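# Secondary and tertiary structure notes
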Amino acid sequence: MKISNDGRRATHAVAVGNITIGGDAPIVVQSMATVPTLQTDAAAAQAVSIANAGAQLVRFTAQTPQHAANLANIKRLMLEQGCGVPLVADIHFNPASAFEAALHVEKVRINPGNFADPGRNFRKMEFTDEEYAAELEKIRQKVVPFIDLCKERHTAMRIGVNHGSLSDRIMSRFGDGAEGMVESAIEYLKICEDEHFDNVVVSIKASDVAVMTQTVRRLVEELNARHMRQYPLHLGVTEAGNALEGRIKSAVGIGSLLVDGIGDTIRVSLSEIPENEVPVARHIIAYTDDERRASHSAGTLRPASQPCRRKTKAVGNIGGTNSTAFIDLAPEGVAEIYCDCPAKVSCVRKAMESIDADKPVLIRLAYNDIKSKDELIIAAAVDFGTLLLDGFQDAVAIETPLLNANERRELLQNIVQAAGLSRFKAEIVACPGCGRTLYQLPEVLEKIKAAFSHLTHLKIAVMGCIVNGPGEMAGADYGYVGGAPGKISLYRGIECVVRNIPQETAVEKLEELIKADGQWRDKE
């Protein structure tokens, strides 16, 4: 990976209207509107509000050509209000919408999982090499005309891979993990390169932080190994949720990549009003900027590939195969790394070089100069999250005057859970909502967290529409999915077991389903 002078991965620049992504440009913050795209006045007002909050790009869903065409009216109203922030159209399942959107907005996001391939049905498909090559040629025939239009209109493209919407074709040949996700992106990138079109940004997202970070790092390695262009990367953790959990998951996933110079534009996906996403993104960028520069100057950037957990011997319940411990002082036989300097990741990485290979380590980080809890949460999530994903997982402790002992432990537990190492509450995967959302998602999410968070053995997905479910929640035990306006479908895994029931009774019906399956536990 080639690194620029400020420690970031070197990429080519992509023009998106009046802004630049990649190259020497600062990291771009974006968000997505939740107002339906056909509600022109309300959509324009929300886009202006998001821009006023500090976003430099605003995305709208465009599920039909009619929705895509209305982006022109939204843009006109925005300009009349003095807001020239570029717009991005989000496309799933309907290539005709992408062609229409490219006429009106500065950037179009297409999903390789459903642009040319049919939607995901979890169907095993068998191909000979010749048959698979023929499938790729079919995709090329559908994608090249869209590339030609983007060239003509100077429209940027995002090739946006989502873990939950890989095509059956890709999964059958490359699997449902990092390899499949990377191949899904590279198939489309190869077409762009063959057509000499490089105004392209790439994203690979997942709700699982470890999967997302591992896959993005693998994509960087594959682009290098295949001698392809260095495309700017869009980072985000899908379905991060809301409140403390959503901020921590986003900071761990996005921040651990930015620390190593990977990432050119970010979106924090919260199940809240979109304006709330922007300050979180700004905090992550500001904090990781200093961390990245320090790591670059100290030479502590680690290789792109994701390491396994560091192998250590157990000392009591610390190290070995034990879960990450929460302790304040290291017992005999456990090394301690204490860091109170501003660049904690590079400090710890450097210190780890002198620790015996099999000795368990307590990483204790001090945040005595941070003055607000919001900034502390982001800083701790970036630092501890990066180090946990590095494989340094024996024991952690945090020092801060802003939190009492219980709050410090809760913060560390949330970070450890976000990194996918242990579970202290139910894993609630919740999409941020958009113009496709079919019910009041933020309010429902709070009800579901209140009802089910104590079920630590379960993963429950809360999805606004069928685009994000069931594919995006395939790893969940249960799913709550918008099926029609005000109507909810309930899933057990990928199986729809209750269809289109009233939203008012759906949380109770989900509890009944969990109890009927013998998965219920009473609160202690």
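Here the structure is shown first, and the text comes after it.
Reference entry: report on the structure contained in this document. Not measured: the values here are computed from a predicted model. (Residues numbered from 1 in each chain as written. Predicted model: local features only at pLDDT ≥ 70, side-chain atom pairs only at ≥ 80, totals over all residues. Heavy atoms only, no water.)

## Concerning the state of the cysteines
Applying the stated rule across the entire model yields 0 disulfides. Cys-465 carries a free sulfur, and the closest cysteine sulfur to it, the one in Cys-434, is 5.6 Å from it. Accessibility expressed as a relative area gives 6% for Cys-465, which makes it buried. (Disulfide = S-S within 2.5 Å. Buried < 20%, exposed > 50% of the residue type's maximum accessible area, 1.4 Å probe, protein only.)

## Some points on the nonpolar core
Ranked by internal contacts, the top residues of the largest apolar core, which has 120 residues, are Phe-60, Val-108, Phe-146, Met-157, Tyr-367, Phe-384 and Ile-415. Tallying contributions element by element places helix α11 (residues 373-390) first for this core, with 11 residues. For Met-157, the residues in contact, after removing those within four places along its chain, are Lys-107, Val-108, Ile-110, Phe-146, Ile-147, Cys-150, Cys-192, Phe-197, Asn-199, Val-200 and Val-201. (Core = buried A, V, L, I, M, F, W, Y, C linked by side-chain atoms within 4.5 Å. Helix = DSSP H or I, 4+ residues; strand = E, 2+ residues; numbered from the N terminus. Contact = heavy atoms within 4.5 Å.)

## Here we look at the packing of helix α8 (residues 243-258) against helix α12 (residues 405-418)
Between α8 and α12, the least distance of the axes is 9 Å, while the angle of their chain directions is 55°. As the angle between them shows, α8 and α12 are arranged oblique. The chirality of how α8 crosses α12 is right-handed. Of the residues in α12, those in contact with Leu-244, Glu-245, Ile-248, Lys-249 and Val-252 of α8 are Glu-410, Leu-411, Asn-414, Ile-415 and Ala-418. (Axes fitted to C-alpha atoms, helices over the stretch in contact; angles between N-to-C directions. Parallel < 35°, antiparallel > 145°, perpendicular 65-115°, else oblique. Left-handed = near helix turned anticlockwise from the far one by under 90°.)

## A short note on empty space enclosed by the protein
Applying the stated criterion across every chain yields a total of 2 cavities of 30 Å³ or more. A volume near 180 Å³ is recorded for the second largest cavity. Considering the residues around the second largest cavity, the lining is formed by 15 residues, among which Glu-245, Lys-249, Gln-417, Glu-427 and Ile-428 are closest to the centre. Counted by class, the lining of the second largest cavity contains 6 nonpolar, 4 polar and 5 charged residues. (1 Å grid on protein atoms, 1.4 Å probe; cavity = no way out; pocket = protein on both sides within 12 Å on 5 of 7 lines; lining within 4 Å. Points joined across faces, edges and corners; volume = space filled by probe spheres on them. Nonpolar A, V, L, I, M, F, W, Y, C, P; charged D, E, K, R; others polar.)

## Regarding the sheet that holds strand β17 (residues 478-484)
The 5 strands are arranged β15-β16-β17-β18-β19 in an open sheet whose pairing can be described as mixed. Only two strands of the sheet have a single neighbouring strand rather than two, namely β15 (427-430) and β19 (495-502). Pairwise comparison of adjacent strand axes, ignoring direction, gives a mean angle of 20° for this sheet. Across 5 bridges, the pairing between strand β18 (residues 487-492) and β19 is antiparallel. Following the sheet pairing, Lys-487 is matched in β19 by Pro-502. Against the sheet, helix α13 (residues 441-452) makes contact with β15, β16 (459-463) and β17, and its axis sits at roughly 165° relative to β16, the strand it touches most. (Pairing = 2+ DSSP bridges.)

## Describing the pairing of strand β7 (residues 156-162)
Judged by how many residues are buried, β7 sits mostly within the fold: 7 of 7 residues are covered. Neither face of β7 is exposed, since Ala-156, Arg-158, Gly-160 and Asn-162 on one face and Met-157, Ile-159 and Val-161 on the opposite face are all buried. Where strand β6 (residues 107-110) meets β7, 4 bridges bridge the pair, whose relative direction is parallel. Across the sheet, the residue bridging to Val-108 is Met-157, located in β7.

## Topic: the layout of surface pockets
For the largest pocket, the calculated volume is near 290 Å³. Lining the largest pocket are 15 residues; nearest its centre among them are Thr-34, Thr-437, Tyr-439, Gln-440 and Pro-442. Considering only residue class, the lining of the largest pocket consists of 8 nonpolar, 5 polar and 2 charged.

## With respect to α12
Over its 14 residues, α12 runs 20 Å from end to end, which matches the ideal 20 Å to within 8%, given 1.5 Å per residue. Turning to α12, its buried residues number three or more, namely Leu-411, Leu-412, Gln-413, Asn-414, Ile-415, Val-416, Gln-417 and Ala-418. Against the buried residues of α12 lie α7 (209-225), α8, β11 (325-326), α11, β14 (395-399) and β15. The distance from a side-chain oxygen at the start of α12 to the backbone nitrogen of Asn-406 is 3.1 Å, and the residue carrying that oxygen is Asn-404. At the C-terminal side of α12, Gly-420 shows a positive phi close to 80°. (Expected span 1.5 Å × (residues − 1). Polar contact = N/O pair within 3.5 Å; in protein donor to acceptor, adjacent residues only side chain to side chain.)

## Describing the pairing of β18
For a regular strand, side chains alternate in direction, first toward one face of the sheet and then toward the other. Where β17 meets β18, 6 bridges bridge the pair, whose relative direction is antiparallel. Following the sheet pairing, Ala-484 is matched in β18 by Lys-487. The hairpin turn running from β17 into β18, its antiparallel successor, is 2 residues long, and Gly-486 in that turn takes a positive phi close to 75°. Hairpin connection of β18 to β19: 2 residues between the antiparallel strands, including Gly-493 at a positive phi of 65°.

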